[in-house]
Amino acid sequence: MCRPTGVAASMIAGMEYEGRLRIDKWLWAARFFKTRTLAAEAIDLGRVRVNGERVKPAREARPGDRVELHVGEVRGEFVIRGLSAQRGPASVAQQLYEE
């Protein structure tokens, strides 16, 4: 079995993040937004809901939370499966949520 090395290995290790992680930072790390500022603005405008409720950017993200995202015509619903405080490659970011 091949083990990931370099950035991928550190990102997967980051998925086991034990500390607190803000929802805006999770959205950025999971590659839903290009910057944390854009993520925070979308949250403030009510385009992001967690477990059906409007939240603030500082709300703690937790595995199992259901995130609803409405940006323009695009609507998505995701379940948080992992936490990462770092932004990495898309292949790693996809492991942070389930559609």
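Look a little higher up for the structure.
Below you will find a few notes about this structure. All values reported here derive from a predicted model rather than from experimental measurement. (Residues numbered from 1 in each chain as written. Predicted model: local features only at pLDDT ≥ 70, side-chain atom pairs only at ≥ 80, totals over all residues. Heavy atoms only, no water.)

A closer look at the overall build of the protein chain
- Scanning the protein chain from N- to C-terminus turns up four helices and five strands.
- Starting at the N terminus, the α and β elements of the protein chain follow one another as α-α-α-β-β-β-β-α-β.
- Per-residue burial for the protein chain yields a buried fraction of 38% across its 99 residues.
- Of the contacts formed within the protein chain by residues at least 6 apart in sequence, a portion of 46% connects residues at least 24 apart. (Helix = DSSP H or I, 4+ residues; strand = E, 2+ residues; numbered from the N terminus. Buried < 20%, exposed > 50% of the residue type's maximum accessible area, 1.4 Å probe, protein only. Contact = heavy atoms within 4.5 Å.)

Re unusual backbone geometry
- Located in the positive-phi region is Arg 31, a residue other than glycine, with phi close to 70°.
- Relative to the helices and strands, Arg 31 resides in the loop between helix H2 (23–29) and helix H3 (36–44).
- Residue Arg 31 is classed as partly exposed on the basis of its relative accessible area, which comes to 38%.
- A positive phi angle, close to 55°, is found at Asn 51, a residue other than glycine.
- Take Asn 51: it is sitting in the loop between strand E1 (48–50) and strand E2 (53–54).

Points about the nonpolar core
- Judged by nonpolar contacts, the single largest core of 23 residues is most densely connected at Ile 23, Trp 26, Leu 27, Phe 32 and Val 67.
- Put simply, the parts of the chain that give this core at least two residues each are H2, H3, E1, strand E3 (66–71) and strand E4 (74–80).
- Counting residues per element, this core draws most heavily on H2, at five residues.
- In this structure, Ile 23 is in contact with Ile 43, Val 50, Val 55, Lys 56, Pro 57, Arg 59, Ala 61, Val 67 and Ile 80, ignoring residues within four places of it in sequence. (Core = buried A, V, L, I, M, F, W, Y, C linked by side-chain atoms within 4.5 Å.)

Concerning the pattern of salt bridges
- A complete count under the given rule lists six salt bridges for this structure.
- Across the salt bridge formed by Glu 60 and Arg 20, the nearest N and O atoms sit 3.7 Å from each other. Of this pair, Glu 60 sits in the loop between E2 and E3 while Arg 20 sits in the loop between helix H1 (6–14) and H2, placing them 40 residues apart in sequence.
- Look at Arg 20 and you get exposed, because its relative accessible area is 68%.
- Bridged by salt links that share partners, the residues Arg 22, Asp 24 and Arg 36 form one connected network. (Salt bridge = Lys/Arg side-chain N within 4 Å of Asp/Glu carboxyl O.)

Treat this as a map of the structure, not an account of what it does.
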